[in-house]
Amino acid sequence: MAGKSETGDNAAKERWERRTQGPLLVTAVLFAIAYAVPIVMTDADPWLRTACRYVEWSVWAFFALDYAVRLRLAPNRWAFVREQPLALLAVLLPLLQPLRLLRLVSALLLVGQRARMTFQVRLTTYVAGSCAGLLVFGSLAVLEVERNSPNGTIRTLGDAVWWSFTTMTTVGYGDLAPTTGLGRVLAIGLMLSGIALLGVVTANIAAWFIARFDQETSEERRQTAAIEALTAEVRALREEVAELRGGSPAPGGPAPGASPHVSSPRS
């Protein structure tokens, strides 16, 4: 009975994840818009800023509800918590300190957890999406933090995008740099993320080449084995034919081993 119950819980959990994947991705897009509008539109009306703030918290509440339901449907709840510590951290993070940046980090973590869990997308697509997400949200986050800094050099969205791109690629020209503590924390996160994504891309390209070489080597081995087997078969057939020719009389000819009869000439 326990095995049947666990199987039913797993099926219910999988159904929930399939049905909520689309709405969760839509809410993540809404969060991105609500996060970006107050930063890009500095002269936005107060009601618009308030609406964006409500959208951000609503999206976080939706993700928190999703986590709670999946935890409830998990056959082993402690194992579910242990296997997904980032999802739990993402749910609890905005409660520790009500900063918009923490809600941004939690949303990115939750979307990443669900994407890896439900979609079997190709790694290249996932890496490209990760790069684009880090670039956009890193730019918005550093612009929000650095724009009003007295000694800050990142004042516009273009400066923020340029800084994020050079930081993620670990080029770091040094023409733009964060001056606040939170901005430098963002820089560290972008640098580590860029190095990790570059390592993933490099490793997978190398793995692709190795797989191709192994495939070609296996094909060559199969062809060589087939040729050797065919050669051995042809050799055996030749030996068989030679034995048949040497062991059976030819039509109209003498029996094997008999001396040929030579008639003497008449006198």
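Draft legend 1. Structural detail: the overall build of the protein chain. A tally of helices and strands in the protein chain yields 8 helices and 0 strands. Reading the helices (α) and strands (β) of the protein chain from amino to carboxyl end gives α-α-α-α-α-α-α-α. Residue burial in the protein chain is summarised as follows: out of 267 residues, 29% are buried. Long-range contacts, defined here as pairs at least 24 residues apart, represent 62% of the contacts in the protein chain between residues at least 6 apart. Accessible surface, the protein chain: about 17,700 Å² in total, of which carbon and sulfur atoms supply 64%.

Draft legend 2. Spatial organisation of the pattern of salt bridges. Inspection of every chain in the model, using the stated rule, returns 1 salt bridge. Measuring nitrogen to oxygen at the nearest pair gives 3.2 Å for the salt bridge that ties Asp66 to Arg70. Residue Asp66 and its partner Arg70 are both found in helix α2 (residues 46–73); the two are separated by 4 residues, about one turn of the helix. With a relative accessible area of 3%, Asp66 lands in the buried category. For Arg70, a relative accessible area of 1% puts it in the buried group.

Draft legend 3. Seen up close, the confidence of the model for the protein chain. The share of residues in the protein chain with pLDDT of 70 or more is 73%, and the mean pLDDT across the chain is 75. When pLDDT is averaged over each element of the protein chain, helix α7 (residues 157–168) comes out on top at 89 and helix α5 (residues 100–118) at the bottom at 54. Predicted confidence is poor over residues 116–121, with pLDDT under 50, and the contacts of this stretch with residues over four places away or in other chains come to 11 contacts.

Draft legend 4. Local environment of the nonpolar core. Membership of the largest hydrophobic core comes to 23 residues, with the highest contact counts inside it found for Tyr35, Val142, Ile154 and Trp163. Secondary structure elements with two or more residues in this core: α1 (2–40), α2, α6 (123–146), α7 and α8 (181–247). Ignoring sequence-local partners within four residues, the contact set of Val142 consists of Arg147, Ile154, Ala160, Trp163 and Leu186. Membership of the second largest hydrophobic core comes to 6 residues, among which are Ala64, Tyr67, Ala74 and Val91.

Draft legend 5. Geometry of α7. Helix length check: α7, at 12 residues, gives a terminal C-alpha distance of 16 Å against a target of 16 Å (1.5 Å per residue), a fit within 8%. Of the positions making up α7, those classed as buried are Ala160, Trp163, Ser164, Thr166, Thr167 and Met168. Looking one or two places after α7, you find Thr170, whose phi comes out positive at around 60°.

Draft legend 6. A look at the side chain of Glu146. Among the secondary structure elements, Glu146 is positioned in helix α6. Here Glu146 is buried and forms no salt bridge, its nearest opposite-charge partner Arg184 lying at an N-O distance of 6.8 Å. A distance of 3.0 Å separates the side chain of Glu146 from the backbone nitrogen of Thr179, its partner in a polar contact. If we ignore the near neighbours within four places in the chain, the residues touching Glu146 are Gly152, Ile154, Arg155, Pro178, Thr179, Thr180 and Gly183.

Rules of the game
- Residues numbered from 1 in each chain as written.
- Predicted model: local features only at pLDDT ≥ 70, side-chain atom pairs only at ≥ 80, totals over all residues.
- Heavy atoms only, no water.
- Helix = DSSP H or I, 4+ residues; strand = E, 2+ residues; numbered from the N terminus.
- Buried < 20%, exposed > 50% of the residue type's maximum accessible area, 1.4 Å probe, protein only.
- Contact = heavy atoms within 4.5 Å.
- Areas by Shrake-Rupley, 256 points an atom, 1.4 Å probe, with all protein chains shown as cover.
- Salt bridge = Lys/Arg side-chain N within 4 Å of Asp/Glu carboxyl O.
- pLDDT = per-residue confidence, 0-100.
- Core = buried A, V, L, I, M, F, W, Y, C linked by side-chain atoms within 4.5 Å.
- Expected span 1.5 Å × (residues − 1).
- Lys, Arg positive; Asp, Glu negative; His and termini not counted.
- Polar contact = N/O pair within 3.5 Å; in protein donor to acceptor, adjacent residues only side chain to side chain.

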